[in-house]
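# Examining the three-dimensional arrangement
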Amino acid sequence: MNFLSRFLTRLFWSGVTLLGTAVLVFFLINVMPGDVARIIAGPKATPVVLAEIHHSYHLDEPIWKRLGFYLDQLAHGDLGHSYVTDQSVTQAILTRLPVTASLAATAVVMWLLVAVPLGVLTAKYRGRWFDRGVLVGATFSLSLPAFWLARMLQYGLAYKLGWFPVAGFRGFTSLLLPGITLAFLFVGYYARLIHTNMVEVLDSPYVRGARARGASEATVLFRHALPNALIPVVTVLGMDVAGLLGGVLFTENVFALPGIGTLAVQSVFNLDVPMIMGTVLLSATLVVSANLAVDILYRWIDPRIKAGY
Amino acid sequence: MKPNRAIRTVVALPGFVLSLAIATEFFSHRSNAMASAAMTNSSAESLSGSDGQPRRGGTLHLVEPTDFRSLDPAIAYDTESVPIVRLLFRGLLDYDDGVNLVPAQAEDWSISPDGKTYTFHLRPGIRFADGREVEAQDYVFSFERILDPVTESPGQGFFTGIEGAAEFVAGKARHVSGLSAPDSRTLIIKLKDPQFTFRYVLAMTFAVAEPQDVVQHYGKDFENHLDGSGPYRLTEWKRGIRVRMARNPFYTGPDGYVDAVDVMIGGDNSTEAMMLERGELDRVMAGPPEAIYFERDPRLRSFLVPVPTANTDYLFMNTEMKPFDRVLVRRAVNYAINKARLLRLTGGFATLANGIVPPAMSWTNPGLPPYDYNPDKARALLRQAGFPNGFKTTFAYMEDNPIYVRLAQDIQQDLQQVGIDASLRPANFTAFDLESSSRHQVPLGIWGWFQDYPDPSDFLDVLFNGRYITPTDCNNVAFYDNPSANRLLDQATASLDPAERTRLFLQAEDLIMDDAPWAPLIHEVLPVLYSPRVHNTAPHPVWLWRYEWMWLNPS
């Protein structure tokens, strides 16, 4: 099977996965009891107004018809309107996506800046106290719950010490502490991942060859060993960035950042069905496309896979 | 028991927290400095006994956990968005510092002796934020817009008493015959029947002037291009992120103190309280833990302003369902509840409810039948009603509201004491609302009601007049229908004589409380935190807070 047909097959199944998610979530949310019109118009709404709302949101139609309307909307790139704020869901997601994306980018840069040197150095000094110390620290960072760490850092570094704003979004400085929180949760895992790969690579013949040729230790570590050790990291990083939505859910909420995570949690609390659907679909799309992208990227980075070695 | 591995991990985490806390306490000085500043400020205030000289200028920083549904006055209808709408729009009437109506954009106003015709003359020179003068026709247009079902206004029902409204709503007339503007400054409203409370409707934020040309130009998108005649104008509304307002240069009424109002969207109670303490916000709503924390710390106590609300949280008994169709059973339930303990559950942020109409509505009813906590009497009444061994029932409540959850769990124990075995059934808002407002669904449950305007009819007539019972979407969740009470309520609402109305409503409340379809529980008091730099934070009985009257210390 050539590359193009393989890619098209994957693309098709990605589409099926997304459609399945949309239908499943639609049914799950729509079996909840209650009249949305009363949420929208309040307890004193007259029957005429309730009927008008039922009509304009297609609530007076059978559920299969509503699913039809919803899928038709989706096909036109329209995710509907929020029940609570009446804002277009697409618009709401687009306004908030930059915040979440910059938070994710800040966090990724932070954790890689720390994890890469840690991984390389612990591989070089493997078995020594430094390596063991990092291992303990990594286990610790891996086991912390996101919401707890976010609260603690917010309390200590922002509220008590005043080094950072407590919460809210007023530019880049507001991203630092949430970024540190997310980075803290991932840095241990990445330090260990890079460590393991580096250990493997450092034992390989070509590294020994480079050393034999008299290359400096820095050149050996960062020019020869690291690029190869990073290949598996790319895969994991791709998936993690897509899955980061789970992490930002708590972090954004604690720091009151107007991103996708806050939007998702607020919509769940407000029973805002179209908004819940929108954020779930966005998350599903991110994961599915990251999967696809990593698959393609991996073959490009590592020609051995394409060649079938 | 020996500690296992899991326990050791659990011990390690607080170790980290402790070290973090020690480190931060060691380095911390800023927040203490802020709190001492607050203390100095509050003691200075207590010495002078006043807020000092009001000062213009500065930006008031507010926060909302969720974005407003809309700030379009035809749509906005909750305690958080209404005070903001009041900054952007003004209507014909307003309240003074109490519950008395005063003219706002009306220069003078009169009601015909038959109570059916309201005539208003607008003050000259009132302008929208775009500079255009407000005309009486704008009011006609705005009221018709609310009545139009397409607007989907939650306040439509308040205006259906206008003559010709029914024909307009049904699409049989292009205009409402009872609304007219003979000239640009005169507005005449004719009602179908006399309606005393219509004057209060005209003070609600639904009844403000919207610019006909701008609304017609933008249609439903008007909410993103708001143009009102209030003291402030909208300068930015980034949905889900922030709302910003600045002075309306064309406003001619009494000016607001602050130059701008900034509303941040997002955050939870504890984050917001920390932001307030650090000076990042000026006003936040506190949850019960934050309220207690601020109340107990002498350095922070002055931040806390308890705001009594015209609300009643109540236990309703469905009078159409067994065994609550028996008045003796309903009275027994009233005697079984230890309300003093309920009050403690709220952390003190409530007052005890003995009647239906909240006292915050300037309402006192000395004639109410007393239902003190008396389990023996409750058991005796149950015996008398034919339930010597009590009975089983289900007890529904809305789990989204933490106060209701606590009340429900506590009341369940009280009921158990007298032999009533009530199994708790929590539900989310929509499910609870759907079931409790439908006939024969919920025998026993907790619900609450907030005033729309300071008139007892808003509680007694709306919630207890049996003539309004509908199979679904019924606000009379006890499905209480007593012809004598209905008659009293009908007479009271039809009357135009304030003294007679009060007398009839008092009688009706006595009668209803004697029939006991409810056990009134508490009137909520909202704990609000203000930064010490904010002054004039005294709550208003209807608007709760008036941002335009608040002023700030120089930063």
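About the thresholds
- Residues numbered from 1 in each chain as written.
- Chains lettered and ligands numbered in written order.
- Predicted model: local features only at pLDDT ≥ 70, side-chain atom pairs only at ≥ 80, totals over all residues.
- Heavy atoms only, no water.
- Phe/Tyr/Trp six-rings, centres within 6.5 Å; stacked < 30°, edge-to-face > 60°.
- Helix = DSSP H or I, 4+ residues; strand = E, 2+ residues; numbered from the N terminus.
- Buried < 20%, exposed > 50% of the residue type's maximum accessible area, 1.4 Å probe, protein only.
- Lys NZ or Arg CZ within 6 Å of the ring centre and 35° of its normal.
- 1 Å grid on protein atoms, 1.4 Å probe; cavity = no way out; pocket = protein on both sides within 12 Å on 5 of 7 lines; lining within 4 Å.
- Points joined across faces, edges and corners; volume = space filled by probe spheres on them.
- Contact = heavy atoms within 4.5 Å.
- Buried area = accessible area lost by both parts, 1.4 Å probe.
- Salt bridge = Lys/Arg side-chain N within 4 Å of Asp/Glu carboxyl O.
- Polar contact = N/O pair within 3.5 Å; in protein donor to acceptor, adjacent residues only side chain to side chain.
- Domains from an automatic or database assignment.
- Nonpolar A, V, L, I, M, F, W, Y, C, P; charged D, E, K, R; others polar.
- Axes fitted to C-alpha atoms, helices over the stretch in contact; angles between N-to-C directions.
- Parallel < 35°, antiparallel > 145°, perpendicular 65-115°, else oblique.
- Left-handed = near helix turned anticlockwise from the far one by under 90°.

### A short note on the packing of aromatic side chains
Residues and elements named next belong to chain B.
- Counted by the stated rule, this structure contains 35 aromatic pairs over all chains.
- Each ring, one from phenylalanine 324 and one from phenylalanine 391, has its centre 5.8 Å from the other, and the planes form 80 degrees; the classification is edge-to-face. In this pair, phenylalanine 324 is assigned in the loop between β13 (311–317) and α10 (327–336) and phenylalanine 391 in strand β15 (residues 391–398), connecting sequence segments 67 residues apart. A single burial state applies to phenylalanine 324 and to phenylalanine 391, both of which are buried.
- Members of the aromatic cluster, joined through ring pairs, are Tyr314, Phe316, Tyr404, Phe432, Trp447, Phe464, Tyr480 and Trp518.
- In this structure, arginine 199 is placed above the aromatic ring of phenylalanine 196, and the distance from its NZ or CZ to the ring centre is 3.8 Å.
- The cationic tip of arginine 283 hangs over the ring face of tryptophan 545; the distance from NZ or CZ to the ring centre is 4.2 Å.

### Concerning empty space enclosed by the protein
- Counted according to the given criterion, the structure contains five cavities of 30 Å³ or more.
- Quantified by volume, the largest cavity comes out at close to 100 Å³.
- Thr85(A), Leu263(A), Gln266(A), Met275(A) and Thr66(B) are, among the 15 residues lining the largest cavity, the residues nearest its centre.
- Tallying contributions element by element places helix α12 (residues 260–269) of chain A first for the lining of the largest cavity, with three residues.

### A look at the interface of chain B and chain A
- Opposite the 56 residues of chain B that make contact, chain A presents 52 residues.
- For the chain B face of the interface with chain A, the top three residues by lost area are Arg69(B), Glu152(B) and Met274(B), together amounting to 14%.
- Seen at the junction of chain B and chain A, the total is one salt bridge.
- Residues Arg151(A) and Asp268(B) are paired through a salt bridge, measuring 2.9 Å at the closest nitrogen-oxygen approach.
- At the junction of chain B and chain A, the tally comes to twelve residue pairs in polar contact (both at pLDDT 80 or more).
- Sorting the residues of the side of chain B that touches chain A by element identifies α1 (5–27), α2 (30–48), α8 (269–277), α14 (429–436) and α15 (457–464) of chain B as the ones contributing at least two each.
- At seven residues, the largest contribution of residues to the side of chain B that touches chain A is made by α1(B).

### Some details on the domain arrangement of chain A
Residue and element names in this part refer to chain A.
- Taken domain by domain, chain A consists of domain 1 (3–75) and domain 2 (89–301).
- Between the C-alpha centres of domain 1 and domain 2 there is a distance of 33 Å.
- In this assembly, 17 residues from domain 1 lie in contact with 15 residues from domain 2.
- Approximately 1500 Å² of surface area, both sides summed, lies buried where domain 1 meets domain 2, with 79% of it carried by carbon and sulfur atoms.
- Contact with domain 2 buries surface across domain 1, with Arg10, Leu18 and Ile29 losing the most and accounting together for 32% of the total.
- Our enumeration of links across domain 1 and domain 2 arrives at zero salt bridges.

### Some points on the layout of surface pockets
- Here the second largest pocket defines a volume of roughly 1200 Å³.
- Where the lining of the second largest pocket is concerned, the elements lending two or more residues are α3 (47–56) of chain A together with α15 and α16 (483–494) of chain B.
- The biggest single contributor to the lining of the second largest pocket is α15(B), with four residues.
- Grouping the amino acids of the lining of the second largest pocket by side-chain chemistry returns twelve nonpolar, twelve polar and ten charged.

### Quick look at the packing of helix α6 (residues 129–143) of chain A against helix α8 (residues 173–202) of chain A
Residues and elements named next belong to chain A.
- Put simply, α6 and α8 touch, their axes get as near as 7 Å, and they point 135 degrees apart. Here α6 is positioned oblique relative to α8, judged by the angle of their axes. α8 is crossed by α6, and the crossing has left-handed handedness. Of the residues in α8, those in contact with Asp131, Leu135, Ala138, Ser141 and Leu142 of α6 are Phe184, Leu185, Val187, Gly188, Tyr189, Arg192 and His195.
- Broken down by class, the residue content of the contact of α6 with α8 amounts to seven nonpolar, three polar and two charged.

### Some details on the pattern of salt bridges
All names here are of chain B.
- Considering all chains together, one arrives at 35 salt bridges over all chains under this definition.
- A salt bridge links aspartate 282 to arginine 533, with the nearest nitrogen and oxygen atoms 2.8 Å apart. Taken together, the positions of aspartate 282 in the loop between α8 and β11 (283–285) and arginine 533 in the loop between β18 (518–530) and β19 (534–535) put the pair 251 residues apart, joining distant regions of the chain.
- Overall, aspartate 282 belongs to the buried group, its relative accessible area being 2%.
- For arginine 533, a relative accessible area of 22% translates into the label partly exposed.

### Quick notes on the domain arrangement of chain B
Residues and elements named next belong to chain B.
- What the domain assignment reports for chain B is domain 1 (81–224) and domain 2 (311–525).
- Summarising the inter-unit geometry, the C-alpha centres of domain 1 and domain 2 are found 34 Å apart.
- Residue-level contacts link twelve residues of domain 1 with eleven residues of domain 2.
- A buried area of about 970 Å², summed over both sides, lies between domain 1 and domain 2, and 72% of it is on carbon and sulfur atoms.
- At the boundary of domain 1 and domain 2, one finds zero salt bridges.
- Taken together, domain 1 and domain 2 are joined by zero residue pairs in polar contact (both at pLDDT 80 or more).

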